[in-house]
Amino acid sequence: MTTMKNKVALITGAGQGIGFSTAKIFAEAGAIVVLADWDENLVNAAAKKLSDEGYKTLAIVCDVSDDAQVQAMIEETVAAFGRLDAAFNNAGVQNDLADAADQTREDFDRVTGINLRGVWSCMKYELQQMRKQGSGAIVNCSSIGGILGGAQRGTYHAAKHGVIGLTKSAALEYALQGIRINTICPGLIHTPMADKMIEGGQKEALDAMLETVPVKRLGRPEEIGNAVAWLCSDAASLIVGHTLVVDGGYSIQ
Ligand code: ADP
């Protein structure tokens, strides 16, 4: 059983989808949960949903692509609860679909600024707190896009590949300081992002992808949340710098 009893856990992009689902699982496992998102209404509603169920939560509005906001998010967390035991750096966006010759610098900067530099920034300030404590666990969110190519999704895939490199490098640095850092690679998961693909006229593309998933279905957000909670728990004490793929077998073929 995964337990996070009395641990202070921070989740970025916690307003909906995988982030919110993971926040709920952390709370159920006994953690005090800090939900962060750049969408104020979303994150306040998400935190309220959990606190209405009796869980201890804090909502923070933070754009992970802004270093000063990230630093303030960690300071607010520590001011509220005294420490930071676990973090799931999950906030992310998709790139505008385009072939490499037609991608824009603006979109590249937007997507890498959130999906890669955002993870770098969150990890930096989380580690500054965790190294003071001499303990902690971080899970960075990559994707199957972090291990595979994807036509018209080069920017997203580049950022997600980068997350794995950041994770492995930091994991080496902090292994002896009681801090474990791992990556999770969700496959095709039923989240608002997937719903947006369907609404955006990409349902056929999604269905075609699902045909190639051995389990022939979208993953449930809680199937990612359970894996993240386990990686953050003491049950995963020897898991260091690992890339955990949770994709129903999509990437093994
Ligand atoms: P997923 O499939 O990862 O669950 P979603 O789009 O459903 O994808 O959720 C991503 C979450 O990340 C959303 O709640 C969104 O508001 C949040 N998010 C996106 N960009 C940022 C950012 N720069 N800073 C903080 N949160 C962000």
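Computed from a prediction, not measured in an experiment: that's the story for all the values here.

## Examining the sheet that holds strand E3 (residues 57-61)
Pairing is parallel in the open sheet, where seven strands are placed in the order E3-E2-E1-E4-E5-E6-E7. Either end of the sheet is taken by a strand with one partner, and the two such strands are E3 and strand E7 (243-246). The average angle at which neighbouring strand axes cross in this sheet is 20 degrees, direction not considered. Two elements, strand E4 (residues 86-89) and strand E5 (residues 136-141), share four bridges in a ladder whose sense is parallel. Along E5, the bridge assignment pairs Phe88 with Val139.

## What about the environment of Gln94?
Note that Gln94 resides in the loop between E4 and helix H4 (105-115). For the pair Gln94 and Arg110, spaced 16 residues apart in sequence, the C-alpha to C-alpha distance is 9.6 Å. Excluding residues within four positions of it along the chain, Gln94 makes contact with Arg110, Val111, Arg153, Tyr156 and Met193.

## Re the side chain of Arg153
Position of Arg153 among the secondary structure elements: in the loop between E5 and helix H6 (154-174). Although Arg153 is buried, it makes no salt bridge; Asp96 carries the closest opposite charge, 9.7 Å away. Setting aside its immediate chain neighbours within four residues, Arg153 contacts Gln94, Asn95, Leu97, Met197 and Gln202.

## Re the environment of Gln177
Tracing the chain through its elements places Gln177 in the loop between H6 and strand E6 (179-186). Gln177 sits 44 residues away from Gln133 along the chain, and the two C-alpha atoms are 9.2 Å apart.

## A look at the UniProt feature "domain: Ketoreductase" (unreviewed entry) in the chain
With numbering aligned to this structure, UniProt lists the feature "domain: Ketoreductase" (unreviewed entry) at residues 7-187. The span residues 7-187 shows a helical share of 49% and a strand share of 19%, and its end C-alpha atoms are spaced 27 Å apart.

Definitions and limits used
Residues numbered from 1 in each chain as written. Predicted model: local features only at pLDDT ≥ 70, side-chain atom pairs only at ≥ 80, totals over all residues. Heavy atoms only, no water. Pairing = 2+ DSSP bridges. Helix = DSSP H or I, 4+ residues; strand = E, 2+ residues; numbered from the N terminus. Axes fitted to C-alpha atoms, helices over the stretch in contact; angles between N-to-C directions. Contact = heavy atoms within 4.5 Å. Buried < 20%, exposed > 50% of the residue type's maximum accessible area, 1.4 Å probe, protein only. Lys, Arg positive; Asp, Glu negative; His and termini not counted. Salt bridge = Lys/Arg side-chain N within 4 Å of Asp/Glu carboxyl O. UniProt positions renumbered as here; feature names shortened; annotations may be inferred.

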